[in-house]
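# Coordinate inspection notes
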Amino acid sequence: MERTHALSLGAWPRTCMRRNRRDDWSRRLVTENHLHVDDLIWPVFVVEGKGKRDPVPSMPGVERLSVDLLVEAAGVAKELGIPAIAVFPNTDPAIKTPDGREAYNPDNLVCRSVRAVKAAYPDLGVICDVALDPYNSDGHDGLVVDGYVVNDETLEILVKQTIVQAEAGCDVIAPSEMMDGRIGVLRDALDEGGFEHVRLLSYAAKYASAFYGPFRDAVGSKGALEGDKKTYQMNPANTDEALREVALDIDEGADMVIIKPGLPYLDVVWRVKDAFGVPTFVYSVSGEYAMLKAAAAQGWLDYETAMMESLLGFKRAGADGILTYAALDAARILKNG
Ligand code: PBG
């Protein structure tokens, strides 16, 4: 029989890489990495009001939801098997102050959201950011004194914010403001407050990134922000520094860590997972989502396949979980094929 494959021209034995790719069943058999619904965390934005859906212009398909609709959406996520959601508030600018004191109002939008979601779906994990940017009239993650975000004074506010969120029923506190020493201080505060079961998910390696732009639109901190966040968020040029950040946070009691953003930082995900073997999450941020949606809207990319391919890339890099605005889409695709 005449051989038609190019590899048959040479001497044997020869490796044929394409044989395993020939059929769907054998492609499935040799698949090395899998995305599962258990890997997904869905970040959601909330606003004041009732029955309110407020589209985020720079994130097509993403809406800020009032608390009642957030509860409905949480039900959809739970039904699809998504383990946890992360709640972000769009705070009324009228109540923002330079000291961000709304962050520790026990009846603030986030606390009301957490109470409502946990009452309806006690088994759904709820994650809350700890940082001042949704509440601070300067748009910064910490307290600004003479143009500089001060560390220890910020920590004192973060402790209060953590406690009101824990009291509201938040399962996972996720400090995202990159202050030094916050994990240890928040762990102590949680333990002393009787919240020893509340987990700490540290945004351990969070870079000063242009990819956060659409998020700042969504929470309404963009207009307020003066300057940038380079004095506390990491330099995109560094990875050894990310390992130091993660090492410190683990030492201080972090239960899980986040690398953020996602796609431009897959090497960091890999190095962190490889070096520490701790639960490592990646945050595929607003700008990554916006890029996919924008290209898809032009007909330049297929949203679903490009999105699923990106999520698989995070798994390949070693991520245990992925925060993604596409979590519901991905969960539906995983369910229905
Ligand atoms: C704020 C925070 C940011 C994000 C999550 N928490 C923005 C920032 O640091 O400016 C970004 C998420 C995204 O872009 O999707 N502490």
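The structure we're discussing is the one just above.
This write-up is about the structure you can find in this document. None of the values given here were measured: they were computed from a predicted structure.

The rules behind each value
Residues numbered from 1 in each chain as written. Predicted model: local features only at pLDDT ≥ 70, side-chain atom pairs only at ≥ 80, totals over all residues. Heavy atoms only, no water. Helix = DSSP H or I, 4+ residues; strand = E, 2+ residues; numbered from the N terminus. Rg over C-alpha atoms; globule rule 2.2 N^0.38 Å. Buried < 20%, exposed > 50% of the residue type's maximum accessible area, 1.4 Å probe, protein only. Contact = heavy atoms within 4.5 Å. Core = buried A, V, L, I, M, F, W, Y, C linked by side-chain atoms within 4.5 Å. Patch = residues over 30% accessible without salt bridge, like charges linked within 9 Å, V, L, I, M, F, W, Y side chains within 5 Å. Areas by Shrake-Rupley, 256 points an atom, 1.4 Å probe, with all protein chains shown as cover. Salt bridge = Lys/Arg side-chain N within 4 Å of Asp/Glu carboxyl O. Lys, Arg positive; Asp, Glu negative; His and termini not counted. Charge placed at Lys NZ, Arg CZ, Asp CG, Glu CD. Near = heavy atom within 4 Å. Polar contact = N/O pair within 3.5 Å; in protein donor to acceptor, adjacent residues only side chain to side chain. Nonpolar A, V, L, I, M, F, W, Y, C, P; charged D, E, K, R; others polar. Axes fitted to C-alpha atoms, helices over the stretch in contact; angles between N-to-C directions. Parallel < 35°, antiparallel > 145°, perpendicular 65-115°, else oblique. Left-handed = near helix turned anticlockwise from the far one by under 90°. Phe/Tyr/Trp six-rings, centres within 6.5 Å; stacked < 30°, edge-to-face > 60°.

### Some points on the overall build of the chain
When you go through the chain residue by residue, the secondary structure sums to 11 helices and 12 strands. Taking 337 residues into account, the globule formula puts the C-alpha radius of gyration at 20 Å, and the chain, at 22 Å, falls close to it. With respect to the three principal axes, the spread of C-alpha positions in the chain is 80 × 45 × 40 Å. Looking at the chain as a whole, 53% of its 337 residues qualify as buried. At a minimum sequence separation of 6, the contacts of the chain that also span at least 24 residues come to 73%.

### Re the nonpolar core
By size, the foremost hydrophobic cluster in this structure holds 109 residues, and its most contacted members are Phe-45, Ile-85, Tyr-283, Met-307 and Leu-311. The leading source of residues in this core is helix H2 (residues 67–80), at eight residues. If near-sequence neighbours (up to four positions away) are discounted, Leu-311 is found in contact with Leu-35, Leu-40, Ile-322, Thr-324 and Ala-330.

### Some remarks on a negative patch on the surface
A surface patch of like charges, here negative, comprises Asp-152, Glu-153, Glu-156 and Asp-180. Structurally, the position occupied by Glu-153 is in helix H4 (residues 151–168). Take Glu-153: its relative accessible area is 41%, and that puts it in the partly exposed class.

### Digging into the site of the ligand
Taken together, 17 residues form the shell around the ligand, and within it Arg-216, Lys-229, Lys-260, Ser-286 and Tyr-325 come nearest. Asp-133 places a side-chain nitrogen or oxygen 3.2 Å from a nitrogen atom of the ligand. Within the complex, 100% of the 400 Å² of free accessible area of the ligand lies under protein. For the shell around the ligand, the per-class residue count stands at seven nonpolar, three polar and seven charged.

### Some words on the side chain of Lys-315
Secondary-structure assignment places Lys-315 in helix H10 (residues 303–316). The exposure class of Lys-315 is buried, given its relative accessible area of 17%. Every residue in contact with Lys-315, bar those within four places of it in the chain, is listed here: Asn-33, His-34, Leu-35, Asp-39 and Asp-320.

### Some points on the packing of helix H9 (residues 286–297) against H10
At a minimum axis separation of 9 Å, H9 and H10 run at an interaxial angle of 155 degrees. Taken together, the axis directions place H9 and H10 in an arrangement best described as roughly antiparallel. Remark: the crossing between H9 and H10 carries right-handed chirality. Where H9 abuts H10, its residues Glu-288, Tyr-289, Leu-292, Lys-293 and Ala-296 lie against Tyr-303, Ala-306, Met-307, Ser-310 and Phe-314. Its residues assigned to classes, the contact of H9 with H10 comprises seven nonpolar, one polar and two charged.

### Some details on the side chain of Glu-288
Turning to its location among the elements, Glu-288 is positioned in helix H9. As a buried residue without a salt bridge, Glu-288 has its nearest oppositely charged side chain in Lys-260, at a separation of 9.2 Å. There is a polar contact of 2.7 Å between the side chain of Glu-288 and the backbone nitrogen of Gly-262. Looking at Glu-288, its side chain comes within polar contact range of the side chain of Ser-284, at 2.9 Å. Apart from residues lying up to four places away in sequence, Glu-288 is in contact with Phe-211, Pro-261, Gly-262, Leu-263, Pro-264, Tyr-283 and Phe-314.

### With respect to the packing of aromatic side chains
How two aromatic rings sit relative to each other is given by the distance of their centres and the angle of their planes. According to the stated counting rule, one finds nine aromatic pairs in the structure shown. Relative to Phe-215, the ring of Phe-88 lies with its centre 5.1 Å away and its plane at 85 degrees, an arrangement referred to as edge-to-face. Placement of Phe-88 in strand E4 (residues 84–89) and of Phe-215 in helix H6 (residues 213–219) is noted, with a sequence separation of 127 residues between them. Pair check on accessibility: Phe-88 and Phe-215 agree, each one buried. An angle of 45 degrees between the planes, with centres 6.1 Å apart, marks the rings of Tyr-283 and Tyr-325 as tilted. Of this pair, Tyr-283 sits in strand E11 (residues 280–284) while Tyr-325 sits in the loop between strand E12 (321–324) and helix H11 (327–336), and the two are 42 residues apart along the sequence.

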